[in-house]
Amino acid sequence: MDDLKALLRQAFVLLSLLLFMPVTAMASDFYFKCLDVESGLSQNSVYDIIQDSYGRIWAATGDGVSVYDGDSFRIFNRSSAGNGLRSNVTICLHRSEDGRIYVGTREGLSVYDPVAEAFSAVELTGKDGESVSGLVRDMATDRNGDLWVVVANYGLFKVDRNGDCTPVPLLDASDRAGRYIRSLCLAGDGNIWVSTNSKGLFRYSPTTGEIRLFGPKEDPLFRDIWKIASLDRNTLLVGCSQKGLYMFDLRSHTFLRWKSQDGQSITETIIHDIYIDRGKKLWVGTENGLYVCENGSLYNLRHSPNEECGSGRFLVESIIIRNIPHSSRKYAPVTCLVILKARA
């Protein structure tokens, strides 16, 4: 509970913003368009963003989900959506292949059916059939259409197309009072990897059911891993707390500092998000702003270049690269959308 309170305190104090950037922009040519409560956002505490099959932007906030159609917001919270939405504190979002929107909350998992335009609760059950609720940190869909979910104080769950749940406990009962689990990744080697903020890096094989923990005793870098993403079949990109960005070899189980072709790296910062777009451009959201690696060169944007979004430094919490609805022709159809939090 303490780490969630710390997250919420930070978010309430700091202004959460959304950024729009033209495709042709480089580090010195960013344009910001800010969406906040004055624009209709339910709350400035934004934790995740996705785009649905209709092109709308969904934002998970501390007061429900805000959906932006390019002109205005529609707000879903427990007052408007009912008990189908587990909690107003929404943490992560995921769109399935059939267009449904899964919402991870502080109290469990919910799903939005765009046909019925309604939310319903998704029941997560433990090994003994008990109901498991808690902070849902991350989600991903595999090639079979099964949804994988991590709950911070328990472990991994598979929810199949029929809604049947298979639990994969990763934490001992003695550890479930803490919220250790942070993110998951469906890797190119066929395994599911789950990161934690003190326990290490878990590897789970859906084929054999084997679970292996790579812990801090093997390498101190395993201690605090905030974000993981698949770079290729044999490599994970790993964001370590206060240590920056690394590559993790899935065959040798060793770390190597990530570097761009021109020899630059991302060091001594917390990695909040890692995104690789269709053009293989790398986007990294950090405590020190936004990093973009393109054509072998690394660029860093740390300060807002226009007064509309404030003049201070900022951190980047989440990134998507999508077609963003916008009435103005000033912007290219493919736009970068990120969550920013201003810093003193």
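The shown structure was predicted, so the numbers you read here are calculated from the model rather than taken from an experiment. (Residues numbered from 1 in each chain as written. Predicted model: local features only at pLDDT ≥ 70, side-chain atom pairs only at ≥ 80, totals over all residues. Heavy atoms only, no water.)

Caption draft 1: Layout of the overall build of the protein chain. A tally of regular secondary structure across the protein chain gives 2 helices and 27 strands. Considering only intrachain contacts with a sequence separation of at least 6, the fraction spanning at least 24 residues in the protein chain is 48%. Approximately 15400 Å² of the protein chain is accessible, and the part contributed by carbon and sulfur atoms is 44%. (Helix = DSSP H or I, 4+ residues; strand = E, 2+ residues; numbered from the N terminus. Contact = heavy atoms within 4.5 Å. Areas by Shrake-Rupley, 256 points an atom, 1.4 Å probe, with all protein chains shown as cover.)

Caption draft 2: Spotlight on the sheet that holds strand 11 (residues 147-151). Taken in spatial order, the 4 strands of this open sheet run 10-11-12-13, and their pairing is antiparallel. Edge positions in the open sheet fall to strand 10 (136-141) and strand 13 (165-169), since each of these has one partner strand only. Within this sheet the neighbouring strands show an average axis-to-axis angle of 20°, counted without direction. Sheet analysis places strand 10 next to strand 11, joined by 5 bridges and oriented antiparallel. Residue pairing in the sheet places Asp138 in a bridge with Val150 of strand 11. (Pairing = 2+ DSSP bridges. Axes fitted to C-alpha atoms, helices over the stretch in contact; angles between N-to-C directions.)

Caption draft 3: Focus on the environment of Leu290. Relative to the helices and strands, Leu290 is located in strand 24 (residues 289-294). Among the residues examined, Leu290 registers a relative accessible area of 2% and is labelled buried. Through-space distance from the C-alpha of Leu290 to that of Arg302 is 6.6 Å; in sequence the pair is 12 residues apart. (Buried < 20%, exposed > 50% of the residue type's maximum accessible area, 1.4 Å probe, protein only.)

Caption draft 4: The packing of aromatic side chains, seen in detail. Going through the model one piece at a time under the given rule, you end up with 16 aromatic pairs. Judged by centre distance (5.8 Å) and plane angle (10°), the rings of Trp58 and Phe76 are stacked. Note that Trp58 is positioned in strand 3 (residues 57-61) and Phe76 in strand 5 (residues 73-76), a separation of 18 residues in sequence. Between Phe76 and Tyr112, the aromatic rings sit 5.3 Å apart at their centres with planes inclined by 50°, giving tilted as the arrangement. (Phe/Tyr/Trp six-rings, centres within 6.5 Å; stacked < 30°, edge-to-face > 60°.)

Caption draft 5: Structural detail: unusual backbone geometry. Backbone geometry places Lys280, a non-glycine residue, at a positive phi of 70°. Following the sequence through the fold, Lys280 ends up in the loop between strand 22 (271-276) and strand 23 (282-286). For Asn295, which is not glycine, the phi dihedral falls at a positive 55°. Examined against the element boundaries, Asn295 turns out to sit in the loop between strand 24 and strand 25 (297-301).

Caption draft 6: Main features of the sheet that holds strand 7 (residues 101-105). Taken in spatial order, the 4 strands line up as 6-7-8-9 in an open sheet, and their pairing is antiparallel. Sheet topology places strand 6 (90-95) and strand 9 (118-122) at the edges, where each strand pairs with a single neighbour. Geometrically, the sheet is characterised by an average inter-axis angle of 25° between neighbouring strands, direction not taken into account. Note that strand 8 (residues 108-113) and strand 9 share 5 bridges and pair antiparallel.

Caption draft 7: Looking closely at the pattern of salt bridges. All chains considered together, the criterion is met by 11 salt bridges. Between Glu210 and Arg203 there is a salt bridge, and its shortest N-O distance comes to 4.0 Å. Classification of Arg203 as buried rests on a relative accessible area of 15%. Salt-bridge contacts for Glu294 lead to Lys281; the nearest nitrogen and oxygen are separated by 3.4 Å. (Salt bridge = Lys/Arg side-chain N within 4 Å of Asp/Glu carboxyl O.)

Caption draft 8: The environment of Val65, seen in detail. Mapping Val65 onto the fold places it in strand 4 (residues 64-68). Taking the C-alpha atoms as reference points, Val65 and Ala81, 16 residues apart in sequence, are found 9.9 Å from one another.

Caption draft 9: Quick look at the side chain of Asp52. Looking at the secondary structure, you find Asp52 in the loop between strand 2 (46-51) and strand 3. Its relative accessible area of 4% is what places Asp52 among the buried residues. Side-chain polar atoms of Asp52 contact the backbone nitrogen of Tyr54, separated by 2.9 Å. Within the structure, the side chain of Asp52 is placed 2.7 Å from the side chain of Arg56, a separation counted as a polar contact. The contacts of Asp52, once residues within four sequence positions are left out, are Trp58, Arg95 and Ile101. (Polar contact = N/O pair within 3.5 Å; in protein donor to acceptor, adjacent residues only side chain to side chain.)

Caption draft 10: Representation of the confidence of the model for the protein chain. Summarising the model, the protein chain shows a mean pLDDT of 82, and 78% of its residues fall at 70 or more. Note on residues 1-25: pLDDT is under 50 here. Beyond four places in sequence and across chains, it has 68 contacts. Segment residues 323-335: pLDDT under 50, and 34 contacts once partners within four positions in sequence are set aside and those in other chains are kept. (pLDDT = per-residue confidence, 0-100.)

Caption draft 11: Focus on the pairing of strand 10. In terms of residue burial, strand 10 counts as a mostly covered element, since 5 of its 6 residues are buried. Counting the residues between successive antiparallel strands, the hairpin from strand 10 to strand 11 contains 5 residues, one of them, Gly145, with a positive phi of roughly 85°.

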